[in-house]
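Examining the three-dimensional arrangement
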Amino acid sequence: MKPIIEKLTGMNALSDQVVAMDLLIAAKSGARNYAMAVTEAGTPEIKEMLTRHLIEALDMHEQISAYMEEKGWCHAWDTNEQINLDLNNINTALNLPTQ
């Protein structure tokens, strides 16, 4: 989206939020995949390497989560607040001009 249009529609912050959420989902998926790979490792060396990668993926997930919580884009420990945020984002998306 063009920066001027983002500012006029208020979508600049939402766009950043969407990118952060996509990154969080990717980090979560990566951690899950490493965890499964560790259980399938054929040698101790491979298992150790995959475990290191798993720890790095978990650290990345934590950093992204903390960033999103700091920005107010994620409320992992407050379900009602997260539902309100999700509803606001849905309403924003539904009210975007179609042309």
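Right above here is the structure, for reference.
This section reports on the structure supplied with the text. Small disclaimer: the values here were computed from a predicted structure and weren't measured.

Brief notes about the overall build of the protein chain
A tally of helices and strands in the protein chain yields four helices and zero strands. Scanning the protein chain from its N terminus toward the C terminus, one meets helices and strands in the order α-α-α-α. Residue burial in the protein chain is summarised as follows: out of 99 residues, 19% are buried. Summed over its atoms, the accessible surface of the protein chain is roughly 7400 Å², and 59% of this surface lies on carbon and sulfur atoms.

Some points on a nonpolar patch on the surface
A cluster of nonpolar side chains, Ile83, Leu87, Ile90 and Leu94, forms an exposed patch at the surface whose accessible area comes to about 390 Å². With respect to the element layout, Ile90 can be found in helix H4 (residues 79–94). On the basis of relative accessibility, which here comes to 44%, the residue Ile90 falls in the partly exposed class.

Scoring rules and cut-offs
- Residues numbered from 1 in each chain as written.
- Predicted model: local features only at pLDDT ≥ 70, side-chain atom pairs only at ≥ 80, totals over all residues.
- Heavy atoms only, no water.
- Helix = DSSP H or I, 4+ residues; strand = E, 2+ residues; numbered from the N terminus.
- Buried < 20%, exposed > 50% of the residue type's maximum accessible area, 1.4 Å probe, protein only.
- Areas by Shrake-Rupley, 256 points an atom, 1.4 Å probe, with all protein chains shown as cover.
- Patch = residues over 30% accessible without salt bridge, like charges linked within 9 Å, V, L, I, M, F, W, Y side chains within 5 Å.
- Salt bridge = Lys/Arg side-chain N within 4 Å of Asp/Glu carboxyl O.

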